[in-house]
Amino acid sequence: FDLIKQQWAIFGNKHTWFMTLFYYGTFATFAGLGAQLALLGNHTFAGIEGAPSAVALAWLGPVIGALSRVGAGQVSDKIRGGRVTTIMAICNIIGLLALWWYKPTSVAGCWIWLIIMFWIFFWTGVGNASTTEQMAVLFPPLQGGAVVGWTSAIGAYGPFTIGMLLAECGAGVMFGVSTLIFVAILAINIYYYDRKNAPDLC
């Protein structure tokens, strides 16, 4: 019972909820866009003769994100996960705003759209690593494992929530909501974890 009590205590810690938001933003975007890229690309490229096949290229996004996660873990260990999370959030905001605004009208434009999408996969992969490193610093090992498990479970809803937003509200709203999530991640991360005299520098 002592073990369960210690693990259950994570839900009374504000950092659990911050990390849940961070990991949801990174992993849910990664997994959600991975599940929707083919459909989203086909819809975006509709009517453009000679457009690349989003179905054929969809596998590249998850691969890019998985590879960037590996490298980002090592970088996070060296320069702090919080610093990497700040950079990651800024880069994702730029990419998501670009996708929200940019509508390809030519074959070249389709490739630009795909490059922006792969940019987001790269940086969400980075965020998966940096937020996990932050959890390892913020929580003792026993609680850290519980937090990782909890945040991973919530992040797994990414394909469902991204898919629902896309189906019910359209790509513009989906990219807009995702942008706001990363703005919140950036603000919380800078205040608590990545500024001079941050209360929980990590």
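Keep in mind that what you see is a predicted model, and the values were worked out from it rather than measured.

Participant: Before we move on, could you go through the overall build of the protein and cite the residues and values that matter?
Facilitator: Regarding its fold elements, the protein presents 9 helices and 0 strands. For the protein, the sequential pattern of α-helices and β-strands runs α-α-α-α-α-α-α-α-α. Taken over C-alpha atoms, the radius of gyration comes to 18 Å for the protein, in line with the 17 Å a tight globule of 202 residues would show. The buried share of the protein, taken over its 202 residues, is 47%.

Participant: Tell me about the side chain of Thr 85, and please be specific about residues and values.
Facilitator: With respect to the secondary-structure elements, Thr 85 resides in helix α5 (residues 81-101). The buried category is assigned to Thr 85, whose relative accessible area is 0%. Separated by 2.8 Å, the side chains of Thr 85 and Ser 130 make a polar contact.

Participant: Report on the layout of surface pockets, specifying residues and quantitative values.
Facilitator: There is about 150 Å³ of room inside the largest pocket. Residue lining of the largest pocket: Leu 40, His 43, Thr 44, Leu 99, Trp 100, Tyr 102, Lys 103, Trp 113, Ala 171, Gly 172 and Phe 175, and that is the complete set. Elements that contribute at least two residues to the lining of the largest pocket include exactly α2 (14-44), α5 and α9 (171-193). Class assignment for the residues of the lining of the largest pocket results in 7 nonpolar, 3 polar and 1 charged.

Participant: Residues and numbers for the packing of aromatic side chains, please.
Facilitator: Per the counting criterion, the structure on display carries 15 aromatic pairs. Their ring planes at 90° and their centres at 6.0 Å tell us that Phe 22 and Tyr 193 sit as a pair that is edge-to-face. Here Phe 22 is found in helix α2, whereas its partner Tyr 193 is found in helix α9, with 171 residues between them in sequence. With respect to class, Phe 22 is no different from Tyr 193; both count as buried. Of the aromatic side chains, those joined through ring pairs into one cluster are Phe 18, Phe 22, Tyr 191, Tyr 192 and Tyr 193.

Parameters and conventions
- Residues numbered from 1 in each chain as written.
- Predicted model: local features only at pLDDT ≥ 70, side-chain atom pairs only at ≥ 80, totals over all residues.
- Heavy atoms only, no water.
- Helix = DSSP H or I, 4+ residues; strand = E, 2+ residues; numbered from the N terminus.
- Rg over C-alpha atoms; globule rule 2.2 N^0.38 Å.
- Buried < 20%, exposed > 50% of the residue type's maximum accessible area, 1.4 Å probe, protein only.
- Polar contact = N/O pair within 3.5 Å; in protein donor to acceptor, adjacent residues only side chain to side chain.
- 1 Å grid on protein atoms, 1.4 Å probe; cavity = no way out; pocket = protein on both sides within 12 Å on 5 of 7 lines; lining within 4 Å.
- Points joined across faces, edges and corners; volume = space filled by probe spheres on them.
- Nonpolar A, V, L, I, M, F, W, Y, C, P; charged D, E, K, R; others polar.
- Phe/Tyr/Trp six-rings, centres within 6.5 Å; stacked < 30°, edge-to-face > 60°.

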